[in-house]
Amino acid sequence: MSANSLQWDDSCDVLVVGSGAGAMTAALRAHDLGSKVLVVEKSDRYGGTSAISGGGIWIPCNHRIEALGGRDSAEEAIAYIRAVTHGEIDDGRIEAYVEKGHQVVRYLEDRSRVRFEAQPRYADYYPEVPGGKPGFRSMDPLPFDARQLGEEFARMREPSPGTLMMGRMAMTMKEAQVLLCRGPGWVGLTMKILWRYWRDLPGRLRSKRDRFLTLGNALVAALRCSLLDRQVPVWLGCRLERLIEEEGRVVGAEVIRAGKRVLIRARRGVVLGAGGFERNQAMRSQYHAQPSRSDWSATPPYNTGDAIRAGQELGAATALMDHSWWAPTTHVEGEEKQRALFVERTLPGCMMVNSAGQRFVNEAAPYTDIVYAMYDNNREGATSVPCWLIFDAEFRRKYPCGALLPGYAMPDGRLPKHLLRYFHKADSLQELAAKIGVDAAGLQRTVDRFNPMAEAGKDLDFHKGDSLFDRYYGDPTVTPNPCLAPLVKAPFYAVKIDAGDIGTKGGLLTDVHARVLREDRTPIAGLYAIGNSAASMMGRTYPGAGSTIGPAMVFGFQAAEHIHSTAPVGANSFAKQAEGLSS
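Read on for a plain summary of the structure. Owing to the predicted nature of the structure, the values given are computational and were not obtained by experimental measurement.

The subject of this paragraph is the overall build of the protein. A count of helical and extended segments in the protein gives 18 helices and 23 strands. Taking 583 residues into account, the globule formula puts the C-alpha radius of gyration at 25 Å, and the protein, at 24 Å, falls close to it. With respect to the three principal axes, the spread of C-alpha positions in the protein is 75 × 55 × 50 Å. Excluding contacts between residues fewer than 6 apart, the proportion of contacts in the protein whose partners are at least 24 apart in sequence is 74%. Taken as a whole, the protein presents about 22300 Å² of accessible surface, with 52% of it coming from carbon and sulfur. Looking at charge distribution, the protein has the averaged site of its 71 positive side-chain charges lying 5 Å from that of its 67 negative ones.

This paragraph deals with the pairing of strand β23 (residues 523–529). Within a regular strand, the side chains alternate between the two sheet faces. Counting buried residues along β23, five of its seven residues qualify, which places the element largely inside the surrounding structure. Here strand β13 (residues 260–272) runs beside β23; their pairing, made up of three bridges, is parallel. From the neighbouring strand, Val270 faces β23, where its bridge partner is Leu527. Sheet topology places strand β22 (residues 515–517) next to β23; two bridges connect them, and they run antiparallel. Following the sheet pairing, Arg515 is matched in β23 by Tyr528.

To continue, consider the packing of aromatic side chains. Under the criterion given, the structure shown has 21 aromatic pairs. Ring geometry for Tyr97 versus Phe555: centroids 6.4 Å apart, planes at 15°, classification stacked. Pair noted here: Tyr97 is in helix α4 (residues 93–111) and Phe555 is in helix α17 (residues 549–565), with a separation of 458 residues, a long-range link. Like Tyr97, the residue Phe555 is buried in the burial classification. Taken together, the ring pairs connect Tyr125, Trp325, Phe342, Tyr367, Phe469 and Tyr542 into an aromatic cluster. If you follow Arg257 out to its NZ or CZ, it ends over the ring of Trp235, 3.9 Å from the centre.

This paragraph deals with the layout of surface pockets. By volume, the second largest pocket amounts to about 310 Å³. Together, 20 residues line the second largest pocket, and Thr330, His331, Gln338, Lys496 and Asp498 are the ones closest to its centre. Ranked by the residues each element gives to the lining of the second largest pocket, the list is headed by strand β20 (residues 492–504), at three residues.

This paragraph deals with helix α1 (residues 21–32). Relative to the 16 Å expected for 12 residues at 1.5 Å per residue, α1 spans 16 Å between its end C-alpha atoms, a close match to the ideal helical length. Among the 12 residues that make up α1, 12 are buried, leaving the element largely enclosed by the rest of the structure. Turning to α1, its buried residues number three or more, namely Ala21, Gly22, Ala23, Met24, Thr25, Ala26, Ala27, Leu28, Arg29, Ala30, His31 and Asp32.

Bringing the sheet that holds strand β3 (residues 57–58) into the picture now. Sheet architecture is open: three strands sit in the order β3-β5-β4, paired in antiparallel fashion. Each edge of the open sheet is held by one strand with a lone partner, namely β3 and β4 (116–118). Bridge analysis of β4 against strand β5 (residues 138–141) gives three bridges, and the strand direction is antiparallel. From the neighbouring strand, Glu117 faces β5, where its bridge partner is Asp140.

What follows deals with empty space enclosed by the protein. The probe, sized like a water molecule, is rolled over the atoms to show the empty space still left. Taken as a whole and assessed by the stated rule, the structure comprises two cavities of 30 Å³ or more. Approximately 160 Å³ is the volume attributed to the largest cavity. In terms of lining, the largest cavity is formed by 19 residues, of which the most central are Gly531, Ala535, Ser536, Met537 and Pro551. Top element by residues in the lining of the largest cavity is α17. It accounts for three residues. Among the residues forming the lining of the largest cavity, the class breakdown is 10 nonpolar, six polar and three charged. Volume-wise, the second largest cavity comes out at about 30 Å³.

Cut-off values and rules
Residues numbered from 1 in each chain as written. Predicted model: local features only at pLDDT ≥ 70, side-chain atom pairs only at ≥ 80, totals over all residues. Heavy atoms only, no water. Helix = DSSP H or I, 4+ residues; strand = E, 2+ residues; numbered from the N terminus. Rg over C-alpha atoms; globule rule 2.2 N^0.38 Å. Contact = heavy atoms within 4.5 Å. Areas by Shrake-Rupley, 256 points an atom, 1.4 Å probe, with all protein chains shown as cover. Lys, Arg positive; Asp, Glu negative; His and termini not counted. Charge placed at Lys NZ, Arg CZ, Asp CG, Glu CD. Buried < 20%, exposed > 50% of the residue type's maximum accessible area, 1.4 Å probe, protein only. Pairing = 2+ DSSP bridges. Phe/Tyr/Trp six-rings, centres within 6.5 Å; stacked < 30°, edge-to-face > 60°. Lys NZ or Arg CZ within 6 Å of the ring centre and 35° of its normal. 1 Å grid on protein atoms, 1.4 Å probe; cavity = no way out; pocket = protein on both sides within 12 Å on 5 of 7 lines; lining within 4 Å. Points joined across faces, edges and corners; volume = space filled by probe spheres on them. Expected span 1.5 Å × (residues − 1). Nonpolar A, V, L, I, M, F, W, Y, C, P; charged D, E, K, R; others polar.

Next comes the structure, spelled out in structure tokens:
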């Protein structure tokens with residue numbers, strides 16, 4: 001049936017599929033350029049994976065750097081990305097990202113409610129690589145008052161429990177770093193956060209949810225509020241079924257809304273920003289190294305690759321389908337998704353071991369590298385998928401670990417029953433090894449070798465704590481290496497670690513304008529993909545904090561601009577209404 005003969009149920013100029021930070025940035029810019037925009041979201045909450053994330057964006061040459069005493073250049077940034085991606089991305093997307101990224105941030109700060117601050121001490125993930133920086137490029141969203149959203153706040157995806165103090169109180173990234181590492185002033189900061197939460201009496205009467213929004217919730221709230229200012233609709237509970245093409249051009253989509261088929265005409269283009277396929281077990285089994293399980297992911301259960309498969313049905317090319325934004329995760333009974341261990345393994349007094357009881361990785365390495373190492377070292381007799389995080393009583397007393405608050409705040413005797421099943425505990429390493437199925441002699445040898453190195457502050461095997469990045473989440477009170485301490489005090493603990501992720505990295509192949517490409521590298525007219533629906537421009541690696549959301553937002557912006565630049569003359573149906581917002 002011809003698209004022209006279809007009975008369309010609704011229409012817009014630009015249809016955006018997904019409601020994460022990249023999708024909403026695309027919608028914002030498309031509206032401001034004069035398009036009538038509709039956003040459709042599969043789940044009953046908007047915000048996607050962005051809402052549960054740290055919310056940071058990695059933006060070289062951003063406008064905050066100089067005022068903070070730093071320096072950056074496009075040449076350094078490009079050289080750095082090329083080095084850490086090993087030259088695998090040579091299609092112009094790296095240059096386009098570096099050139100456009102800081103412009104997008106300035107635009108959002110000038111034209112929307114989004115605000116960022118650069119983090120001068122949060123190093124690139126590989127700061128020793130030429131072009132790497134000791135800080136400044138990662139930008140965090142400023143806190144946002146949820147009351148500005150009104151009733152729309154209730155429809156935003158909640159943050160992950162692991163990003164909240166005591167599972168309910170919001171923290172900024174800087175506050176979290178002080179608390180987790182027991183930095184100077186951490187006791188006073190704890191009191192400040194408690195007061196900030198409990199003084200919001202109207203909020204407490206409504207629910208336990210904190211209305212002081214930080215991290216990904218702050219970013220998503222600011223973007224959603226900006227769309228509300230523009231009266232851009234967001235349809236929840238609306239799943240993409242297929243794309244509709246006519247004469248080689250995507251002209252709309254079929255979605256399922258409230259159980260009914262709805263055909264949406266998109267006069268200018270469709271932007272796919274619906275996340276990856278990490279929650280689709282069939283696709284993981286098809287593309288990923290094994291074992292690989294969808295329930296190991298730290299993302300919401302709605303990222304099942306719908307947008308990617310819709311593009312593939314039209315002949316779109318894909319890339320990096322065997323890769324993810326890997327992260328070690330742990331299972332917490334009763335939670336919808338696993339918790340990623342971003343910080344715990346960096347702290348002194350712990351190690352990661354395989355079934356032979358051997359260390360196999362620098363525990364403080366970037367989280368993507370941890371899971372690559374798990375797969376690279378996984379073999380019969382020395383299984384590292386899964387592996388184990390081992391720590392002693394002193395670590396348990398001082399630091400959090402996954403679902404566990406530090407022992408000084410929540411000792412074992414006060415833990416709820418489901419958290420007692422979260423870990424294993426024993427009075428000796430031998431007894432602990434027997435409980436978790438790890439070779440006892442191998443574990444003892446590993447600890448015997450590790451402890452003298454930890455005392456000396458030099459990890460001769462895996463160099464934990466050597467990198468400036470490693471030390472960001474180390475304990476500043478521990479010397480000479482804030483990431484190293486011996487495991488000596490019983491009881492000893494073990495937490496199971498899975499090869500998890502915070503999203504898949506493979507997706508539809510795109511160009512510098514975010515256009516989806518066919519196998520012959522020609523664009524599919526009218527179709528764009530961003531975020532984890534597109535193959536990452538960062539290749540197999542992870543240059544710095546915010547390297548997922550940053551490109552999603554920048555290429556969402558790029559997609560909107562390209563749609564506008566190719567629209568027929570006189571087709572700006574919203575141009576007059578948007579004139580005051582566009583630039």
